[in-house]
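Tertiary structure, described
As a plain string of letters, each chain reads:
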Amino acid sequence: MNIFNKLYCRTFQFVFKVALPILPYRQPEILKSVEDVPAVLKDKNIDKVFIVTDGGVMKCGLVDGLTAALSAAGIGYSIYDKTMPNPTIAAVEEARAMYIADGGKAIIAVGGGSPMDLAKAVGARIARPKKSIKAMAGILHVHKKLPLLIAVPTTAGTGSETTIASVITDGETHRKFAINDFPLIPRYAVLDYKLTLGLPKTITAYTGMDALTHAVEAFIGRSTTKDTRRNAIEAVKLVHDNLKTCYDEPTNADARRNMLFAAHYAGIAFTKSYVGYVHAVAHSLSGKYGLAHGLTCSVLLPVVLESYGKSAHKKLAILAREIGLADKSDSKQAAADKFIKWVYSMNDYLGIPRGFAEIKDEDIDQMSKYAAKEGNPLYPVPKLFSRKQLKQLYYKVKL
């Protein structure tokens with residue numbers, strides 16, 4: 001990257017870091033069970049809600065407890081259950097039309113990151129009916145208060161119940177883009193580990209490593225605060241201590257609870273400190289080929305960390321020491337290498353591949369454009385990459 005682009009990126013990031021204390025970040029109020037939701041709605045005089053979820057969550061019966069609680073309280077509801085892994089603009093518009101037709105007064109997202117992304121985007125379109133989803137892409141283009149939004153995560157990965165972001169895919173170009181604004185942060189989050197018990201191993205693996213990616217990228221970036229560093233470290237510790245247990249013992253209550261909070265803490269961390277090039281490249285891959293977001297992040301995380309080189313050694317060394325992989329006798333580079341090796345070993349243990357056969361040479365140029373546009377200047381990464389350097393990351397994970 002040339003010196004002028006570097007200067008622009010770092011200046012942009014510095015301004016954002018300086019503004020962090022005065023920006024209207026907030027955290028959702030935590031509810032312990034879906035049975036607590038009706039009381040919140042009653043208090044706000046809401047008698048009809050719009051539930052956004054997906055077919056898998058419905059099939060597993062994970063919405064049943066919520067709907068039973070709503071019915072018992074005399075609160076009506078309608079359900080949009082057609083959310084796909086990478087929600088599209090068309091899905092947002094379809095769900096928005098259903099919300100309006102059914103007289104919704106609040107939105108409840110039940111599921112992983114995709115239903116939450118879709119629910120946030122629907123809320124944004126309700127708040128800004130004359131503004132398209134594409135026009136809200138980027139930073140601070142929503143502005144208006146959304147209908148009451150409650151997030152009920154059923155996976156332990158995205159941390160989307162805490163974040164300002166909604167990631168949507170353009171169904172025509174397959175490009176993913178993010179809408180980032182403070183009104184998108186849900187007002188309430190239901191952190192009930194029972195909803196994650198028995199998750200399939202692949203989902204446990206992908207979402208767990210997604211949580212790790214959020215924590216690591218937030219920690220090693222250049223826009224951290226004391227609080228985000230603390231939350232990121234706690235998230236990394238919880239993943240280190242619990243993800244394998246969740247994978248091996250899907251009904252282990254303690255491990256599931258801890259992973260749910262790992263995702264939550266990581267979400268709090270990256271909401272303020274942002275992510276990095278893992279996400280920029282992962283979004284383009286999952287958008288183009290329909291790959292699971294957590295899978296793409298898992299594969300890319302150790303590759304990108306290696307590519308950062310010495311610029312990330314100091315902070316990766318801290319993480320390595322925090323989880324007992326290294327001690328004070330290890331150099332920063334040695335400790336960082338141990339951390340990266342551990343990430344590779346986690347992927348191997350969880351059955352996550354080292355790359356993707358789906359990647360085609362002719363697609364890499366366009367995907368790298370998308371990644372560069374997403375990452376620069378927004379992401380406060382340890383080391384800035386040009387589009388040419390980003391292209392190399394695709395080749396490193398191409399099988």
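Preceding this paragraph is the structure being described.
Heads up: these notes are all about the structure in this document. What you are looking at is a predicted structure, and each value in this text was computed from that prediction instead of being measured.

For the rest of this paragraph, the subject is the overall build of the protein chain. Check the secondary structure of the protein chain and you find 15 helices and 9 strands. Against the 2.2 N^0.38 benchmark of 21 Å for 399 residues, the protein chain shows a C-alpha radius of gyration of 20 Å, consistent with a compact globule. Once the C-alpha set of the protein chain is aligned to its principal axes, its extents read approximately 60 × 45 × 45 Å. Per-residue burial for the protein chain yields a buried fraction of 58% across its 399 residues. Partitioning the intrachain contacts of the protein chain with sequence separation of at least 6 by distance along the chain shows that 78% fall at a separation of at least 24. Carbon and sulfur atoms make up 54% of the accessible area of the protein chain, which totals about 16200 Å². Measuring between centres, the 53 positive side-chain charges of the protein chain sit 8 Å from its 37 negative side-chain charges.

A few words on helix α11 (residues 293-308). With 16 residues, α11 ought to run about 22 Å at 1.5 Å a step, and its terminal C-alpha atoms sit 21 Å apart, in line with that. Among the 16 residues in α11, 15 count as buried, and that is most of the element. Positive phi appears at G309, one or two residues downstream of α11, with a value of about 60 degrees.

Centre distance and the angle of the planes are the two values used to describe a pair of aromatic rings. Summed over the entire model, instances satisfying the criterion amount to 12 aromatic pairs. When the ring of Y274 is compared with that of Y379, the centres are 6.4 Å apart and the planes differ by 40 degrees; the resulting orientation is tilted. Remark: Y379 occurs in the loop between α14 (361-375) and α15 (387-396) and Y274 occurs in the loop between α9 (253-273) and α10 (277-289); sequence separation between them is 105 residues. Here Y274 and Y379 have matching classes, each one buried. Taken together, Y8, F12, F16, Y274 and Y379 form an aromatic cluster joined through their ring pairs. Its guanidinium or amino end placed over the ring of Y193, K194 lies 5.4 Å from that ring's centre, counting from NZ or CZ.

In this structure, V216, L316 and F339 are the most contacted members of the largest nonpolar core, which totals 82 residues. If we skip the residues at most four places from it in the chain, L316 touches V216, I220, L305, A336, F339 and I340. I89, Y99, M116 and L149 belong to the second largest nonpolar core, which has 27 residues in total.

Attention shifts here to the pattern of salt bridges. The final tally for this structure, using the stated rule, is 15 salt bridges. Across the salt bridge formed by K288 and D363, the nearest N and O atoms sit 4.0 Å from each other. On the criterion of sequence distance, the pair formed by K288 in helix α10 and D363 in helix α14 is long-range, its members being 75 residues apart. Several salt bridges share partner residues, and in doing so they unite E93, R96 and R125 into one network.

Take the side chain of S223 next. Looking at the element boundaries, S223 is found in the loop between α7 (201-220) and α8 (226-248). Residue S223 is classed as buried on the basis of its relative accessible area, which comes to 6%.

This brings us to the pairing of strand β4 (residues 106-111). Where burial is concerned, most of β4 is hidden: 6 out of the 6 residues are buried. Across the two faces of β4 the burial is the same, with A106, I108 and V110 and I107, A109 and G111 all buried. Bridge count between β4 and strand β6 (residues 148-153): 6 bridges; the pairing is parallel. Note that in β6 the partner of A109 across the bridge is A151.

What counts, and where the lines are drawn
- Residues numbered from 1 in each chain as written.
- Predicted model: local features only at pLDDT ≥ 70, side-chain atom pairs only at ≥ 80, totals over all residues.
- Heavy atoms only, no water.
- Helix = DSSP H or I, 4+ residues; strand = E, 2+ residues; numbered from the N terminus.
- Rg over C-alpha atoms; globule rule 2.2 N^0.38 Å.
- Buried < 20%, exposed > 50% of the residue type's maximum accessible area, 1.4 Å probe, protein only.
- Contact = heavy atoms within 4.5 Å.
- Areas by Shrake-Rupley, 256 points an atom, 1.4 Å probe, with all protein chains shown as cover.
- Lys, Arg positive; Asp, Glu negative; His and termini not counted.
- Charge placed at Lys NZ, Arg CZ, Asp CG, Glu CD.
- Expected span 1.5 Å × (residues − 1).
- Phe/Tyr/Trp six-rings, centres within 6.5 Å; stacked < 30°, edge-to-face > 60°.
- Lys NZ or Arg CZ within 6 Å of the ring centre and 35° of its normal.
- Core = buried A, V, L, I, M, F, W, Y, C linked by side-chain atoms within 4.5 Å.
- Salt bridge = Lys/Arg side-chain N within 4 Å of Asp/Glu carboxyl O.
- Pairing = 2+ DSSP bridges.

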